[in-house]
Amino acid sequence: MDRAERNALTIAIALLLFFFVLIVYAAKGLKIDLPTCITDVQPFKEGRLIQHAPDRYELHVVARMWFFDFNQGQTEIELPVGSTVDFYLTSADVVHGMHVNGTTVNLMAIPGTVNYARYRFEKPGVYHVVCHEFCGVGHQAMQGKIVVK
Ligand SMILES: [Cu+2]
């Protein structure tokens, strides 16, 4: 093998290892979890916001053409600042996406499955929730709001 070739390969391998180690550190050390498809929760039909403690919430989101049902048809919800939310997401019809802007919550809503992510809202503000997976003619209008006060 040519020397320049070996140097290029060494640098490429070192770079990729560096990226990989940092990603594993973020996932395990900082607990920035990847979305998980969970199997012990049945797909639900209605959105629901459940409060377990003053700063602990469970949010069942149903994505449907063309809105997010956060809580019995509501497309906008309010949470106190500092809340930790367990997001459970399913779809009532086709495949949707759900990205909560400004956070690491970025999930797919797939009919028949439940996706899960956890996030703590440390800063107050309006978090727009958008669908980023094409879902028909109303796709561009599919959005919701999480208001953190
Ligand atoms: Cu959608």
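Residues numbered from 1 in each chain as written. Predicted model: local features only at pLDDT ≥ 70, side-chain atom pairs only at ≥ 80, totals over all residues. Heavy atoms only, no water.

A.B. asks: What is the right way to look at the packing of aromatic side chains in this model?
C.D. replies: The geometry of an aromatic ring pair is captured by two quantities: the separation of the ring centres and the angle between the planes. Scanning all chains against the criterion turns up six aromatic pairs. Between Y119 and F121, the ring centres sit 5.0 Å apart and the planes meet at 75 degrees, which makes this aromatic pair edge-to-face. Side by side, Y119 and F121 carry an identical accessibility label, which is buried. Grouping aromatic residues by their ring pairs yields a cluster made of F87, Y119, F121 and Y127. (Phe/Tyr/Trp six-rings, centres within 6.5 Å; stacked < 30°, edge-to-face > 60°. Buried < 20%, exposed > 50% of the residue type's maximum accessible area, 1.4 Å probe, protein only.)

A.B. asks: It is not clear to me how helix α1 (residues 3-28) should be interpreted in this structure. Could you clarify?
C.D. replies: In an α-helix, one turn spans 3.6 residues, which is why side chains three or four residues apart end up on the same side. Relative to the 38 Å expected for 26 residues at 1.5 Å per residue, α1 spans 37 Å between its end C-alpha atoms, a close match to the ideal helical length. For α1, the capping residue at the N-terminal end is D2, with a side-chain oxygen 3.1 Å from the backbone nitrogen of A4. (Helix = DSSP H or I, 4+ residues; strand = E, 2+ residues; numbered from the N terminus. Expected span 1.5 Å × (residues − 1). Polar contact = N/O pair within 3.5 Å; in protein donor to acceptor, adjacent residues only side chain to side chain.)

A.B. asks: Looking at this structure, I do not really get the coordination of the copper ion. What am I missing?
C.D. replies: When four donors bind a metal tetrahedrally, each ideal donor-metal-donor angle is 109.5 degrees, and when six bind octahedrally, the ideal angles are 90 or 180 degrees. In the first shell of the copper ion, the protein supplies H96 (ND1), C131 (SG), C135 (SG) and M142 (SD), at 2.0 to 2.4 Å from the metal. Coordination at the copper ion comes from four donor atoms whose angles at the metal span 96 to 125 degrees, giving a geometry best classed as tetrahedral. Positions of the donor residues of the copper ion, expressed as sequence spacing, correspond to H-x34-C-x3-C-x6-M. Each of the two residues, C131 as well as C135, counts as buried. (Donors = N, O, S within 2.8 Å, 3.2 Å for Na, K, Ca; no water. Tetrahedral: all angles 85-135°; square planar, octahedral: opposite > 155°, others 65-115°.)

A.B. asks: Would you mind going over the pairing of strand β3 (residues 56-64) with me for this structure?
C.D. replies: Successive side chains on a regular strand alternate, one facing one side of the sheet and the next facing the other. Most of β3 is tucked away, with seven of its nine residues classed as buried. The pairing of strand β2 (residues 48-53) with β3 spans five bridges and is classified as antiparallel. Paired with Q51 across the bridge in β3 is Y57. Between the antiparallel neighbours β2 and β3 lie two residues. Bridge analysis of β3 against strand β6 (residues 84-91) gives eight bridges, and the strand direction is parallel. Residue R56 lies in a different strand from β6, and its bridge partner there is T84. Relative to strand β4 (residues 67-69), β3 is paired through three bridges, and the arrangement is antiparallel. (Pairing = 2+ DSSP bridges.)

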